[in-house]
Structure formats: structure tokens, C-alpha cells
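Below are the chains, spelled out letter by letter.
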Amino acid sequence: MKTLVAPSLLSADFLNLGRDIEMVNNSEADWFHLDIMDGVFVPNISFGMSVVSAIHSVAKKPLDVHLMIIQPDKYIQDFKDAGASILSVHIESCQHLHRSLQSIKKAGMKAGIVLNPHTPVNSLEDIINEADMVLLMSVNPGFGGQKFIVQTLDKISRLKEMILRKNLTTLIEVDGGVDMNNAKSIVSAGADILVAGNAIFKASNPPEMIKLLKS
Ligand code: DX5
Ligand code: ZN
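Let us look at the structure shown here. Just so we're clear, the structure is a prediction, and the values are computed from it rather than from any experiment.

Cut-offs and rules
- Residues numbered from 1 in each chain as written.
- Chains lettered and ligands numbered in written order.
- Predicted model: local features only at pLDDT ≥ 70, side-chain atom pairs only at ≥ 80, totals over all residues.
- Heavy atoms only, no water.
- Near = heavy atom within 4 Å.
- Polar contact = N/O pair within 3.5 Å; in protein donor to acceptor, adjacent residues only side chain to side chain.
- Areas by Shrake-Rupley, 256 points an atom, 1.4 Å probe, with all protein chains shown as cover.
- Helix = DSSP H or I, 4+ residues; strand = E, 2+ residues; numbered from the N terminus.
- Nonpolar A, V, L, I, M, F, W, Y, C, P; charged D, E, K, R; others polar.
- Pairing = 2+ DSSP bridges.
- Axes fitted to C-alpha atoms, helices over the stretch in contact; angles between N-to-C directions.
- Donors = N, O, S within 2.8 Å, 3.2 Å for Na, K, Ca; no water.
- Tetrahedral: all angles 85-135°; square planar, octahedral: opposite > 155°, others 65-115°.
- Buried < 20%, exposed > 50% of the residue type's maximum accessible area, 1.4 Å probe, protein only.
- Arc of directions from axis to C-beta.

**Considering the site of ligand 1**
Logical step 1: The environment of ligand 1 is formed by 20 residues, the closest being G142, G145, D175, G177 and G197.
Logical step 2: Within the side chain of H33, an N or O atom sits 3.4 Å from an oxygen atom of ligand 1.
Logical step 3: A distance of 2.7 Å is found between an oxygen atom of ligand 1 and a side-chain nitrogen or oxygen belonging to D175.
Logical step 4: Look at ligand 1: alone it shows 380 Å² of surface, and the protein chains cover 99% of it.
Logical step 5: Of the residues forming the shell around ligand 1, the biggest block, three residues, is contributed by strand β2 (residues 32–37).
Logical step 6: The class makeup of the residues in the shell around ligand 1 is eight nonpolar, ten polar and two charged.

Structure follows, in C-alpha cells:
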């Protein structure tokens with residue numbers, strides 16, 4: 001499979017969000033990555049449903065929504081209504097993860113499980129078959145522009161082994177500090193989707209950066 005790239009709009013220019021969405025629409029990017037933060041699960045607040053909905057009205061690519069919130073189950077239908085195609089929830093914030101994944105799929109979205117840097121890959125052993133995607137955080141969630149945690153590479157390889165051993169087609173997404181210096185090793189370790197915020201939106205030529213990350 002060709003590597004997919006999902007630009008994280010957290011690093012976009014919010015005063016020119018429409019312009020940045022158009023750039024992504026016209027680029028080789030595959031998905032829009034939207035980071036939802038509640039100031040409780042992570043030490044930052046981003047944006048909510050009405051902004052997701054507005055983005056959806058002009059986005060020409062699927063919305064990959066990453067929930068960094070407590071009690072995500074409460075909002076599954078709201079994110080579906082706002083236009084999410086893929087909805088990912090943190091294993092650390094779901095008391096009944098199996099139920100959360102079922103609800104996401106029942107609402108008509110692809111379901112993703114997110115692991116914080118400290119959460120072991122083997123915690124997925126009895127739940128991974130319910131997920132369409134696993135998102136490995138390669139920084140502590142909450143902010144764009146942080147440094148890639150290099151131990152993530154080993155986690156990606158171990159996750160890939162688990163997926164192959166179980167004969168699954170689960171996709172692996174990696175999020176945090178992804179740039180041109182580490183993209184190759186991340187993909188070689190087994191990642192299918194690269195999320196990138198700062199690397200894309202702070203680049204002098206964002207569409208070209210997207211193209212480079214994809215190749
Ligand atoms: C961090 C978010 C990321 C972030 C990535 O909590 O989940 O999606 O926006 O930004 P960069 O690529 O700048 O680390
Ligand atoms: Zn994210």
C-alpha cells in the first residue's frame with residue numbers, strides 16, 4: 001500500500017483556515033487529521049463539532065478525527081453528524097473500549113484506537129480485531145511541533161507483527177513529530193498513514209512537503 005498522508009490542521013493558520021483547507025484539497029494528501037482536545041484528557045483545548053462541521057463543508061477528502069477527550073462515547077454521533085469518516089479514541093480514556101468501537105462502527109465510521117507513548121502494544125491483544133486502525137502517538141498528545149519519540153519505531157514494528165500474526169488488515173497511523181528526517185524509518189517499520197502538522201504547515205512549500213512525505 002502506498003503511504004497515506006494526513007495533514008494535521010492543528011498547525012494550520014486559523015485566520016486563513018479556508019485557504020489551508022484548499023491547499024490540502026489540491027495537494028496529494030489523503031485525509032484531513034483533526035485533533036479534538038478537551039483540556040482534561042490533555043493539557044490543551046483545540047476546537048469542537050461546529051469547526052469540524054465547517055471544515056467538512058469544504059473538505060474534499062475524508063476527515064480523520066482524533067479525540068483527545070474524556071468520555072468520548074458521549075459524542076460519537078455528534079462527530080458522525082459533523083462529517084467524520086474515521087473516529088479514533090484513546091485506549092486510556094475508554095472504560096469499555098469494545099463498546100466504544102462498536103458504537104463508532106454502528107454510526108457508520110471507521111474506528112481507530114489510539115495509544116499514548118507509554119501504553120504498550122500488547123494492550124491491544126484482545127481488542128485489535130475490532131479496530132480498522134491503530135494510531136500510535138509518537139509524542140505526548142496535546143500540542144503540535146514536539147519532538148518524535150524514537151522508541152515509537154519499535155512499537156510500530158511490534159504492532160505490525162501482531163497485525164500479520166492475526167491475519168488482520170488493520171492500518172497503522174503515526175502521529176507526532178513526523179517529518180522528512182524520520183518518515184522513511186516510520187514507514188519501513190510498518191506505518192501506513194503519516195500525520196504531520198508542523199512539518200507541512202510550517203514548510204515553505206506545503207504541497208511539495210506532502211508529496212515528499214508520501215514518497
Ligand atoms: C498532538 C496531535 C497531533 C499534532 C501533530 O497531540 O495529536 O496530531 O497536531 O503535529 P506535529 O506533526 O507538529 O507534531
Ligand atoms: Zn492527532
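**Description of the sheet that holds β2**
Logical step 1: Within the open sheet, the eight strands sit side by side as β1-β8-β7-β6-β5-β4-β3-β2. Their pairing is parallel. The open sheet is flanked by β1 (4–7) and β2, the only strands paired with a single partner. Taking the axes of each pair of neighbouring strands and ignoring which way they run, one obtains an average angle of 25° across the sheet.
Logical step 2: Looking at chain direction, strand β7 (residues 171–175) and strand β8 (residues 193–196) are connected through three bridges and run parallel.

**A closer look at the coordination of the zinc ion (ligand 2)**
Logical step 1: Donor atoms from the polypeptide that bind the zinc ion (ligand 2) are H33 (NE2), D35 (OD), H66 (ND1) and D175 (OD), placed at 2.0 to 2.3 Å.
Logical step 2: Every donor counted, the six donor atoms about the zinc ion (ligand 2) form angles of 69 to 168° at the centre, which fits octahedral coordination.
Logical step 3: Sequence spacing among the residues donating to the zinc ion (ligand 2) works out to H-x1-D-x30-H-x108-D. Of the two residues, H66 sits in strand β3 (residues 63–68) while D175 sits in strand β7, which places them 109 residues apart along the sequence.
Logical step 4: Classification of D175 by relative accessible area gives buried; the value is 8%.

**Focus on unusual backbone geometry**
For residues other than glycine, phi is negative in most cases, and the peptide bonds are mostly trans.
Logical step 1: Positive phi, close to 50°, is recorded for Q71, a residue that is not glycine.
Logical step 2: Within the element layout of this structure, Q71 appears in the loop between β3 and α3 (76–82).
Logical step 3: At N167, a position not held by glycine, the phi torsion is positive, near 60°.
Logical step 4: Here N167 lies in the loop between α5 (152–165) and β7.
Logical step 5: When its relative accessible area of 72% is taken as the criterion, N167 is described as exposed.

**Examining helix α8 (residues 206–214)**
Logical step 1: Taken residue by residue, α8 has P206, M209, I210, L213 and K214 as its buried positions. An end-on view of α8 places all buried positions within 135° of arc, on one side of the element.

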